[in-house]
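Letter by letter, the chains look like this.
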Amino acid sequence: MQQEQQFSRIDWVASGCRLLKSIAAEFAETRPFAGLTIGTAIHLEPKTAALLMTLKAGGARVVATGNLNSTQPATAAFLTENGIAIIGEQTRDAGAHHGFIDALLDDKPDLLLDNGGDLFALFLERPYDNLIGGTEETTSGRTRLTPLRGELARPVLVINDSPIKQFAENRHGVGQSLFESFLRFTNRSTNGKRVLVLGYGACGKGTAACFRHGYSAVSVVDIDPVTTLEAHLDGFSTPHRNDALRAADVIVTVTGYPGIVTAADLPLLKDGVILMNGGHFPHEIDRDGLLADPAVVSLAVSPEDVIETLSLSDGRRIHLLAAGHMANLAGPRPLGNSIEAMDLGFAMQARCLERVAGRTLGRESCLIPVPADIDRRIASAFLDLNR
């Protein structure tokens, strides 16, 4: 036997991203991004490395920064060593993150890959002529950018509006990874726990299903009565919001909107409740508002587990995971969504950027879903690899 060899987590992830590997081989021949700079603001973790190396294989010069709290140093170092320009480092500071975005736009990228709307929103404050368009990964970003559609006036394809993204990455990927994250952070059993899922979009559906499979008693609250009816018919308890908050042992926010759990909810929360956010931005659970409330008398922090315990004047304790940041990309050994889920989602990113780079789309394609032919192409390729 040959001498034992070692491989990294980035190597392991790359070996599982079989769609991206095949696209990278094709791009090395077709060079769809030759002469173009692609600027990206997305979680810098091993699966993102596979995507960025695929874009580089297509001839792009890639300039990348992360999102709040999700840049993994090993991934940033790997990308730097492999010719990707990295701006900034892991931070929870919104001002510092804004500075990284600003520095990235100094390069005036021809294409933008955005994750939450930061790049495109700042581009509108300091526009330049050579931007062709790009992609937006999230519902949160689309919601943020929709009022600015007329000003953007460039093709921007919304990955999250793809049905594949909805069921593969959001329902299955996010659901599984948030369940895994709860176990990873807390080492607590889910059996018999009363778990409240706030939001029943694709991410909420997956989260509720995974906790139910983990033998939890799951309830769902959503502001839309039609969506709430769907949760009811899916077999979940659908109490009124205040009743649900009072009963919950675990509360998971997956809405994409701010202020879902606030200081006004403190009187309702039971002793020992665990709060966890799965939404893109760290504002669904209003941590600052909770800490500022007079009822909160002390804060204890576990740096190792990234758990904060808020002690209230009446003796109750409330536990917050990852300071309200996206739990599946925070805390000890964050893994994010599964390799297969992200391989599908990032394959769509690569194909959509290829489409925008081809300059066949006009301003009418600003903030539109992934074209159906790209969805079909990705689905067929994935099935061919897994039959």
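Since the structure is predicted, the reported quantities are computational estimates derived from the model, not experimental observations.

About the criteria used
The written sequence of each chain sets the order in which its residues are numbered from 1. Totals for whole chains, interfaces and linings use all residues, but because this is a predicted model, local features are given only for residues with pLDDT of at least 70 and pairs of side-chain atoms are given and counted only at 80 or more. Excluding hydrogens and water, the side-chain values take into account all heavy atoms of the structure. Cavities and pockets were defined on a 1 Å grid built from protein atoms only: a cavity is a group of points that admits a 1.4 Å probe but offers it no way out, a pocket is an open group of points flanked by protein on both sides within 12 Å along at least five of seven lines, and a lining residue is one with an atom within 4 Å of any such point. Grid points are joined across faces, edges and corners, and a volume is the space filled by probe spheres set on the points. Side-chain classes are defined by residue name, with Ala, Val, Leu, Ile, Met, Phe, Trp, Tyr, Cys and Pro counting as nonpolar, Asp, Glu, Lys and Arg as charged, and the others, Gly among them, as polar. Burial here depends on accessible area, computed with a 1.4 Å probe over protein chains only, as a share of the maximum for the residue type. Under 20% is buried, over 50% is exposed, and the range in between is partly exposed. Only DSSP runs of H or I covering at least 4 residues are called helices, and only runs of E covering at least 2 are called strands; the numbering of each starts at the N terminus. Here the rule is simple: two strands pair whenever DSSP picks up at least two bridges between them.

Trainee: I'm lost on empty space enclosed by the protein in this one. Help?
Mentor: Left-over empty space is what a probe sized like a water molecule reveals as it rolls over the atoms. Throughout the structure, instances matching the rule amount to two cavities of 30 Å³ or more. When its volume is computed, the largest cavity comes out at roughly 60 Å³. In terms of lining, the largest cavity is formed by His 43, Leu 68, Asn 69, Ser 70, His 280, Pro 282, His 325, Met 326, Leu 329 and Ala 330. Here the lining of the largest cavity is composed, by residue class, of five nonpolar, five polar and no charged.

Trainee: Would you mind showing me how to read the pairing of strand β12 (residues 307-312) here?
Mentor: Two faces belong to every sheet, and in a regular strand the side chains alternate between them. The buried fraction of β12 is high, at six of six residues. Burial of the side chains of β12 extends over both faces: Ile 307, Thr 309 and Ser 311 are buried on one face and Glu 308, Leu 310 and Leu 312 on the other. Sheet analysis places strand β11 (residues 296-302) next to β12, joined by six bridges and oriented antiparallel. When the bridges of β12 are listed, Ser 302 appears paired with Ile 307. Two successive antiparallel strands, β11 and β12, enclose a turn made up of four residues, where Val 306 displays a positive phi of approximately 55°. Across five bridges, β12 lies against strand β13 (residues 317-321) in antiparallel orientation. Along β13, the bridge assignment pairs Ser 311 with Arg 317. The antiparallel hairpin formed by β12 and β13 contains four residues in its connecting segment, where Gly 315 sits at a positive phi of about 100°.

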